[in-house]
Each structure stands twice: as C-alpha cells, then as structure tokens.
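# Coordinates in review
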Amino acid sequence: MSYVDEVFDLVVAKNPAQPEFHQAVKEVLESLRVVIEANEEKYRKDALLERLVTPERQLLFRVPWVDDKGQVQVNNGFRVQFNSAIGPYKGGLRLHPSVNLGIIKFLGFEQIFKNSLTGLPIGGGKGGSDFDPKGKSDREVMAFCQSFITELHKYIGADTDVPAGDIGTGAREIGYMYGQYKRLTGLYEGVLTGKGLSYGGSLARTEATGYGLLYLTEEMLKCNGKDIAGKTVAISGSGNVAIYAAQKAQQLGAKVVTVSDSTGWIYDPEGIDVDLLKEVKEVKRARLTEYAAARKSAEYHEKKNGEHGVWNVKCDVALPCATQNELDLEDAKALVANGCFAVAEGANMPTTMEATEYLQKNGVLFCPGKAANAGGVATSALEMSQNSERLSWTFEEVDSKLKGIMVNIFHSLDDAAKQYGMAGNYVAGANIAGFLKVADAMQAQGIV
Ligand code: NDP
Ligand code: 2IT
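Structural notes, computed from the coordinates. Owing to the predicted nature of the structure, the values given are computational and were not obtained by experimental measurement.

Here the focus is the overall build of the chain. Secondary structure summary: the chain contains 17 helices and 12 strands in total. Over its C-alpha atoms the chain spans a radius of gyration of 21 Å, differing by no more than 12% from the 22 Å that the globule rule assigns to 448 residues. Summarising its shape, the C-alpha atoms of the chain cover approximately 65 × 55 × 45 Å along the three principal directions. Within the chain, buried positions represent 58% of all 448 residues. Contacts spanning at least 24 positions in sequence make up 72% of the contacts within the chain whose residues lie at least 6 apart. If you sum the accessible surface of the chain, you get close to 17,600 Å²; carbon and sulfur atoms cover 50% of it. The centroid of the 48 positive side-chain charges in the chain is displaced by 3 Å from the centroid of its 56 negative side-chain charges.

In this section: the packing of aromatic side chains. Applying the stated criterion across every chain yields a total of 14 aromatic pairs. A ring pair is formed by F21 and F109, whose centres lie 6.1 Å apart and whose planes are at 90 degrees; its orientation type is edge-to-face. Here F21, found in helix α2 (residues 19–38), pairs with F109, found in helix α5 (residues 101–117); they are 88 residues apart in sequence, far enough to count as distant. Residue F21 shares its accessibility class with F109, and that shared class is buried. Relative to F109, the ring of F82 lies with its centre 5.7 Å away and its plane at 55 degrees, an arrangement referred to as tilted. Remark: F109 occurs in helix α5 and F82 occurs in strand β2 (residues 72–83); sequence separation between them is 27 residues. Just as F82 is buried, F109 falls in that class too. Grouped by ring-pair contacts, the aromatic residues F61, W65, F131, F144 and F148 constitute a single cluster. Sitting over the face of the ring of F131, K136 holds its NZ or CZ atom 5.3 Å from the ring centroid.

This paragraph deals with the site of ligand 2. Ligand 2 sits among 14 residues. The nearest are K90, K114, D166, R205 and S380. Between K114 and ligand 2, the recorded distance is 2.8 Å, taken from a side-chain N or O atom to an oxygen atom. Compared with its free state, where it exposes 300 Å², ligand 2 has 93% of that area covered by protein. Taken together, the elements giving at least two residues each to the shell around ligand 2 come down to β3 (89–95), α5 and α15 (375–388).

Another point: the site of ligand 1. Not every one of the 25 residues close to ligand 1 is listed here, only the nearest: K134, D166, T209, S262 and R287. R205 has a polar side-chain atom sitting 2.9 Å from an oxygen atom of ligand 1. Within the backbone of S238, one N or O atom sits 2.9 Å away from an oxygen atom of ligand 1. Protein contacts shield 84% of the accessible area of ligand 1, which totals 880 Å² for the unbound molecule. Elements that contribute at least two residues to the shell around ligand 1 include exactly α8 (205–223) and α9 (240–251). The residue inventory of the shell around ligand 1, partitioned by class, reads 5 nonpolar, 13 polar and 7 charged.

Moving on: the state of the cysteines. One pass over the structure, following the stated rule, counts 0 disulfides. Here C367 stays unpaired: no disulfide links it, and the sulfur of C223, its closest cysteine neighbor, is 12 Å away.

With that settled, the discussion passes to the sheet that holds strand β10 (residues 317–320). On the basis of which strands lie adjacent, the open sheet formed by 7 strands has the order β9-β8-β7-β6-β10-β11-β12 and mixed pairing. Here the strands that pair on one side only, and so sit at the sheet edges, are β9 (299–302) and β12 (365–367). Strand-to-strand twist across the sheet, computed as the mean angle between neighbouring axes with direction ignored, equals 15 degrees. Along the sheet, α9 contacts β6 (232–236) and β7 (255–260); its crossing angle with β6, the most-contacted strand, is approximately 170 degrees.

With that settled, the discussion passes to helix α17 (residues 426–444). The first and last C-alpha atoms of α17 sit 27 Å apart over 19 residues, in line with the 27 Å expected at 1.5 Å per residue. Of all 19 residues in α17, 14 are buried; the element is thus mostly enclosed. Its side-chain oxygen at 3.2 Å from the backbone nitrogen of V427, N425 defines the N-terminal cap of α17. Backbone geometry just after α17 places G446 at a positive phi near 80 degrees.

Below, the discussion takes up the packing of α8 against α9. Remark: α8 packs on α9, axes separated minimally by 7 Å, with the N-to-C direction vectors making an angle of 50 degrees. One finds that α8 runs oblique with respect to α9. Our pair here, α8 against α9, has a crossing hand that is right-handed. Contacts between α8 and α9 involve T206, E207, T209, G210, Y211, L213, L214 and Y215 from the first element and N240, V241, Y244, A245, Q247, K248, A249 and Q251 from the second. Across the contact of α8 with α9, the residue classes tally to 8 nonpolar, 6 polar and 2 charged.

It is worth spelling out helix α6 (residues 138–152) at this point. For α6, with 15 residues, the first-to-last C-alpha span of 21 Å sits near the 21 Å given by 1.5 Å per residue. Every buried residue of α6 is accounted for by E140, V141, A143, F144, C145, S147, F148, I149 and L152. As for α6, its buried residues are in contact with β1 (57–66), β2, β3, β4 (123–129), β5 (161–164) and α7 (171–185).

The next point concerns the environment of I266. In this structure, I266 sits in strand β8 (residues 264–267). Residues I266 and V310, 44 residues apart in the sequence, show an inter-C-alpha distance of 7.9 Å. What I266 contacts, discounting residues up to four positions off in sequence, is V257, T258, V259, I272, L288, Y291, A292, A298, E299 and Y300.

A few words on the nonpolar core. Counting 100 residues, the largest nonpolar core has L49, F109, I235, Y291, L319, I409 and F435 as the members making the most contacts within it. With near-sequence residues (within four places) excluded, I409 lies in contact with L117, T118, L216, A371 and A374. Of all hydrophobic cores here, the second largest spans 22 residues; its members include L59, V63, F131 and I174.

The rules we used
Residues numbered from 1 in each chain as written. Chains lettered and ligands numbered in written order. Predicted model: local features only at pLDDT ≥ 70, side-chain atom pairs only at ≥ 80, totals over all residues. Heavy atoms only, no water. Helix = DSSP H or I, 4+ residues; strand = E, 2+ residues; numbered from the N terminus. Rg over C-alpha atoms; globule rule 2.2 N^0.38 Å. Buried < 20%, exposed > 50% of the residue type's maximum accessible area, 1.4 Å probe, protein only. Contact = heavy atoms within 4.5 Å. Areas by Shrake-Rupley, 256 points an atom, 1.4 Å probe, with all protein chains shown as cover. Lys, Arg positive; Asp, Glu negative; His and termini not counted. Charge placed at Lys NZ, Arg CZ, Asp CG, Glu CD. Phe/Tyr/Trp six-rings, centres within 6.5 Å; stacked < 30°, edge-to-face > 60°. Lys NZ or Arg CZ within 6 Å of the ring centre and 35° of its normal. Near = heavy atom within 4 Å. Polar contact = N/O pair within 3.5 Å; in protein donor to acceptor, adjacent residues only side chain to side chain. Nonpolar A, V, L, I, M, F, W, Y, C, P; charged D, E, K, R; others polar. Disulfide = S-S within 2.5 Å. Pairing = 2+ DSSP bridges. Axes fitted to C-alpha atoms, helices over the stretch in contact; angles between N-to-C directions. Expected span 1.5 Å × (residues − 1). Parallel < 35°, antiparallel > 145°, perpendicular 65-115°, else oblique. Left-handed = near helix turned anticlockwise from the far one by under 90°. Core = buried A, V, L, I, M, F, W, Y, C linked by side-chain atoms within 4.5 Å.

So, to be careful, I would describe these as geometric facts and stop short of saying anything about function.
So this is what it looks like as structure tokens:
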C-alpha cells in the first residue's frame, strides 16, 4: 500500500467518529500524493506524514460559568496546538453548539497549510467550545469567556499560541478574553488578535477575511481572462466573513444578490444593502427576517429540509462564507446549470469533496478556503507584528499589505499546480505549496 493510503487509514483508525477531520486530511493527502511519492522512502523513514496528521498537543478542559438565573452551566473547552514548525500556533476560537474535538482538529489541520501560504511565520492551531453565544446576555458571555481563559491562559502567549475569532467569536468575546488574560498574567501583550482598536487591535482586521477573499477572487478571474466587475455574486452566511466579502465585491463593481444564516436566506435582486445588513447582524444581532422587513426588494426564504437555498440562484461567482459542508453535490449541479464559473471559499471546507470534484470537472474555477480565506489570519499576523513593535499602521497600509499577500497566495497555488502537472487545480496547488514549506521546516528541525 502507498505511504499516503497507509497514513490515511491510520488517521481513520486512530481518530474514530471525527468525519470532518478525516475529510480535511483526505483532501490534503490526495493532493500531496505526487510530492510524497517522489520522496517516499525518506518521508516514510522520518514518519513525516504521521507527525503532520498528529497534533503536537490537544487541550480539553471544563468551562464552568454561572448564568443569569444563578444556574451553573458547564461547557467543553478545546485548544488543538497542531503544528509549530514555522511559527507560534495561530488560529481562531469557534463558539458554536456543534463544536467537538473532530471539528477543532479539522480546522487546526487546515490552518497549518493556510498559515504557511500567507508567507508569514505562523504555525497551525484552533480552539473553541460548544458554548452558544446566541441569546446570551453580555454578562453571561463575559462569564463564559473569563472561565474559558482562566484555564487556557496557562497554555497561550504572544510567542507560543495566539488565538483569534471564528464563528461566534467576535470583538466582544475577544475583549472579555483579553481582559481576563491580562488580569491573570499581568502581561499586556499580543496574545489574541482581532482586538478592539483602543487596546492593540489592527485596522482592517475586521474586514480582512472578506476583503482578502475578494482580492484573491479578483486575481484568479483576471488570470483566467475574466473580470469581477459587472458580475452577479451569491454569498452564503451573514457573519464577519460574508458581510465584508459583500462590501468588497460591491466596491469592485459586482452585484451581490444573496446572504443567509442558519434559519433562512435572502434574495435581493437589487443587490444586498451592506449597511442595513451590518445594522441587523453587527448591531442588533438579529435574524435576516429583519433585513427583509426593512427592504422592499428583498425576498426572505425559510430553510427547509436541509436545503441550502442560495446556490439555486443564478450567479456568475459563488462565495460560500458560512460553515463546513454547506455546498454539496446537488448545489454544485445547480450552480453549473445556472452558469456559475467561479467558486472561492470564504468559510473553512464549505464545499464537500464530491461537489468540489464536480465543479472542477465542469470547468468552474475553484479556490479552496485555505487559500481564499487566508486574509483573516494573515492580517492577524500583521496585528502581531504591530503589537511586537508597539506601533499601529494605517488602514491603507494594512489593506495594501493584505492585497499583496492575497495576490501572492494565488500565484503560489497557480505555480505549484503547474509545476506538478495539474495546471488550474488550485486545490492541489494550495495543498502542495502550503505543505512544502512546513515539511522543509519539520525536516530541518529534526525528530520533534
Ligand atoms: P460568524 O459567526 O461571524 O458568522 C457565521 C455565519 O455562518 C452566520 O451567518 C451563521 O448563521 C452561519 N452559520 C454558522 N454555522 C452555521 C451552520 N451550522 N449552518 C448554517 N449556517 C451557519 O463567523 P465568521 O463569519 O467569522 O465565519 C464564517 C466562516 O469563515 C467559518 O467557516 C470560519 O471558520 C471561516 N473563517 C473565518 C475567519 C475570520 O476571520 N472570522 C477567517 C477565515 C475563515 P447564524 O448566525 O444563524 O448561526
Ligand atoms: O479560520 C481562520 O483562519 C480564522 N478563523 C482566523 C484565525 C486568526 O488567527 O486570525
């Protein structure tokens, strides 16, 4: 059996009931087959792949907190410190009831390659909890965040592990966590990114993932003889990534006609009103029904029977920005039938493997999340730099660095895909380019 297949079987056997982690590993290993086979003897002897798929450290802990009724609640806390070959562990914290160890491991594994692609010195990690911030008071969210950091602070630091936001973790949560970290350690350091601007945050970090997604998409289209201006774009999600993806798409002259959340979706043929969306989602923390109520041109659709809705709308470009496996084979068929020619992932692993293959086979330009959404973590690394030098850069400076990073990422995938005989396969390009730097650093540092 080939080394790649052996290691994949080992991952499934050693990590039972973690389907998302298996899926993320399978996608990467399949892409690496050609690279691994060229160096199989050496990699096998050094157990390089076994080390790559095994986290350096996994922290699982209890998070007790008191709700507004005086009742004690208990959540599970996670931090997976996956790989520190090229820098301190870096990656977000997801707060969502669906969070479990397998989900955090898939996210942490993806983060290794994503962070490598940014060209910046950051290793891979991810964490979170099955705590649901939805419907909780600010005091309850604070109580949870303080308890979470009371345990996690022992294992993180500006030069060891730097968490940030993800689903359910935004500026409010990062603020409470930062305050508790500082109180416990006495350190005013860049231990978290996505901080508020008054206490060490970076301008453009809030916008970075969505803006970066569009900078990369623009470059991918340009290199394939197309232009984002004048195109119709379907977006899923209505959180941090979706909102700023919609904003930048419109600034670049495209029309965004959909957004969604976990209960429904909006079709707005006049183009999404981003200011209204921000008011509904960032200020009121309300449902999309409020967007529809305030805007005549918008249709609201409840989600039924697990369908994803937005992918049935006619569009040129689709940007999934909500969550994993939200674009399946049926959705891919609908997109192709409606003439969609490009898909770029704002979320982590939103497209199933079958859907990805279908899109690629049908000539759709497809950029995976570990490249397309890397603008968020790249700008987090820029926040770390600013914190270390005790300076802050202007919005324009950060935004122009972000744009340069996204354009470079696209070219590194494009080049790697061509070099290994898979021109246009940006999934393979991303996995190979991300892997080569990490593998080189791991080999250079010996058996650790
Ligand atoms: P937010 O919490 O701000 O928004 C998440 C959005 O996705 C909401 O609209 C939410 O709807 C929807 N959503 C979440 N879970 C589900 C689900 N299980 N089913 C359907 N809809 C769901 O998160 P972000 O925008 O930060 O993150 C979105 C995606 O982007 C995630 O995959 C994340 O890992 C990825 N990402 C985020 C980065 C960042 O910097 N924030 C960087 C790179 C990637 P509802 O409110 O109803 O739950
Ligand atoms: O998935 C991701 O890259 C993020 N949630 C952002 C991580 C970060 O450290 O900014």
